[in-house]
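Take a look at the letters that make up each chain.
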Amino acid sequence: MTQSHDDDRRPPVAKGPAAAISEAAFRLFAEHGYDATSVDDIAAAAGVSRSSFFRLFGSKEMVIFPDHDAILAAVEERLAASTQKSAILAVSDAVRVVLFHYIAEGPLARRRYQLTSTVPALRERELISGARYQQVFRQYISAWGDGSEESERRGELMAAAVVAAHNRVLRRWLREECEDPHMEIDEAMAQVNALFAPPPTATTPAAPGAIVVVRTDQDLAAVAEQLRSL
């Protein structure tokens, strides 16, 4: 479909103050470093007041990280809609909610990764956020169990494995080592599910069989009666 001349004359879509602040912050962090950039610097570069900055983000750190509360709410919504029978599918879907949020950010996510890799305080905050996701997964996986110690242990171990699988695929994508994150997260979650699949239900072993040799001159009715008595 060809674009009309009217479309060509449309002005660019104006960015909201939050997007302008985020863009200015990352630019200043790249130019001057995280520690050397103040909230006042960011607000001035974005063309907003200091009070507007804090109303939208609350702190300089909050400019860098996505809205984890909103992502966690989406994860919990997906997990809460599941039962024990569909638990594996729910966990896999919830992992994708988080992963594809970052991927949708595109270059911004990669700029954040470069920043958090070099600033210890930001790296620590990122680890805390990861622990929050792991806690949510552990809570729901354990709730689907029978309450035994074994079930609780399995829930905690599986939650850690789920977060580790997500982080591996995400970091590979951030480092541009992953061409197809959809395929890689499918493969990673398949491995997690295989590791923590419930053991097969024990079945009663079948009775051993027997081969009976009968002479042609024997009374078959008498032989059958003897077998029944055995």
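Under an unreviewed UniProt entry, the name given to the chain is AcrR family transcriptional regulator, and the organism recorded is Nocardioides kongjuensis.

It is worth spelling out the overall build of the chain at this point. Across its full length, the chain holds 12 helices and 0 strands. Counted from the first residue to the last, the chain has its helices and strands arranged as α-α-α-α-α-α-α-α-α-α-α-α. Burial analysis of the chain (230 residues in total) assigns 33% to the buried set. For the chain, the share of sequence-separated contacts (at least 6 apart) that also reach a separation of at least 24 residues comes to 65%. Summing over all exposed atoms, the chain offers an accessible surface of approximately 14900 Å²; the carbon and sulfur share of this is 55%.

Take the pattern of salt bridges next. With the rule as written, the count across this model stands at 11 salt bridges. With its nearest N and O atoms 2.8 Å apart, the salt bridge here joins Arg112 to Glu105. For Arg112, a relative accessible area of 4% corresponds to the buried category. When the shortest N-O distance is used, the salt bridge between Glu177 and Arg172 registers 3.9 Å. For Glu177, a relative accessible area of 41% translates into the label partly exposed. Salt bridges here are not isolated pairs; linked through shared partners, they connect Arg172, Arg175, Glu177 and Glu184.

Below, the discussion takes up the side chain of Arg112. Inspection of the secondary structure puts Arg112 in helix H8 (residues 107-116). Those residues within four positions of Arg112 in sequence are excluded, and the remaining contacts are Phe26, Ile64, Phe65, Pro66, Tyr102 and Glu105.

Looking now at the packing of helix H6 (residues 68-80) against helix H9 (residues 120-143). For the pair H6 and H9, interaxial distance at closest approach is 11 Å and the crossing angle is 15°. Comparing their axes, H9 and H6 come out roughly parallel. By crossing handedness, the relation of H6 to H9 is classed as right-handed. Between H6 and H9, the contacting residues are His68, Asp69, Ile71, Leu72, Val75, Glu76, Leu79 and Ala80 on the first element and Ser129, Arg132, Tyr133, Val136, Phe137 and Tyr140 on the second.

With that out of the way, let us pick up the environment of Arg153. Inspection of the secondary structure assignment puts Arg153 in helix H10 (residues 149-174). Take Arg153: its relative accessible area is 44%, and that puts it in the partly exposed class. Linking Arg153 and Ser142, residues 11 residues apart in sequence, is a C-alpha distance of 8.3 Å.

With that out of the way, let us pick up the UniProt feature "DNA-binding region" (unreviewed entry) in the chain. In this structure's numbering, the residues bearing the UniProt feature "DNA-binding region" (unreviewed entry) are residues 38-57. End C-alpha atoms of residues 38-57 are separated by 14 Å, and the span's content is 75% helix alongside 0% strand.

Attention now goes to helix H2 (residues 17-32). With 16 residues, H2 should reach 22 Å at 1.5 Å per residue; the first-to-last C-alpha distance of 22 Å fits that figure. Its buried side turned inward, H2 meets helix H3 (39-46), helix H4 (50-56), helix H5 (60-64) and H8.

This part takes up the packing of aromatic side chains. Counting across every chain of the model gives 5 aromatic pairs. Ring geometry for Phe26 and Phe29: centres 6.3 Å apart, planes at 70°, overall edge-to-face. One end of the pair is Phe26 and the other is Phe29, both in helix H2 and 3 residues apart, which spans about a single turn. Residue class for Phe26 comes out buried when judged on its relative accessible area of 4%. A centroid spacing of 5.4 Å and a plane angle of 85° characterise the contact between Phe53 and Phe54, whose relative ring orientation is edge-to-face. Feature note: the residues Phe26, Phe29 and Tyr34 constitute an aromatic cluster, connected by ring pairs. Stacked on the ring of Tyr34, the Lys or Arg Lys60 has its end atom at 4.2 Å from the ring centre. Over the ring of Trp173 we find Arg110, and its NZ or CZ is 4.0 Å from the ring centre.

Reading the values: rules and limits
Within each chain, residues carry numbers counting from 1 in the order of the written sequence. Owing to the predicted nature of the model, reporting of local features is limited to residues with pLDDT of at least 70; listing and counting of side-chain atom pairs is limited to 80 or more, with chain, interface and lining totals taken over all residues. Note: side-chain values were computed over all heavy atoms of the structure, leaving out hydrogens and water. Only DSSP runs of H or I reaching four residues or more are called helices, and only runs of E reaching two or more are called strands; each is numbered from the N terminus. For the exposure calls, accessible area comes from a 1.4 Å probe over protein chains only, and a residue counts as buried if that area is under 20% of its type's maximum, exposed if over 50%, partly exposed in between. For this analysis, residues touch if any pair of their heavy atoms sits within 4.5 Å. Here, Shrake-Rupley sampling with a 1.4 Å probe gives the accessible areas, and only protein chains in the shown set may cover a residue. For this document, the term salt bridge refers to a Lys or Arg side-chain nitrogen within 4 Å of an Asp or Glu carboxyl oxygen. Angles here are taken between N-to-C directions and fall from 0 to 180 degrees, while the axes themselves are lines fitted to C-alpha atoms, restricted in helices to the stretch in contact. Here the angle decides the label: under 35 degrees means roughly parallel, over 145 means roughly antiparallel, 65 to 115 means roughly perpendicular, and every other value means oblique. Two helices cross in a left-handed way if the nearer one is turned anticlockwise from the farther one by less than a right angle. They cross in a right-handed way if the turn is clockwise. UniProt positions are given in the numbering used here, feature names are shortened, and annotations may be inferred rather than shown by experiment. Any helix carries an expected span of 1.5 Å times its number of residues minus one. Here a Phe, Tyr or Trp ring, Trp counted by its six-membered ring, pairs with any other such ring whose centre lies within 6.5 Å, and the pair is stacked when the planes are under 30 degrees apart, edge-to-face when over 60, and tilted otherwise. Cation placement over rings: the criterion is NZ of Lys or CZ of Arg within 6 Å of the ring centroid and within 35° of the ring normal.

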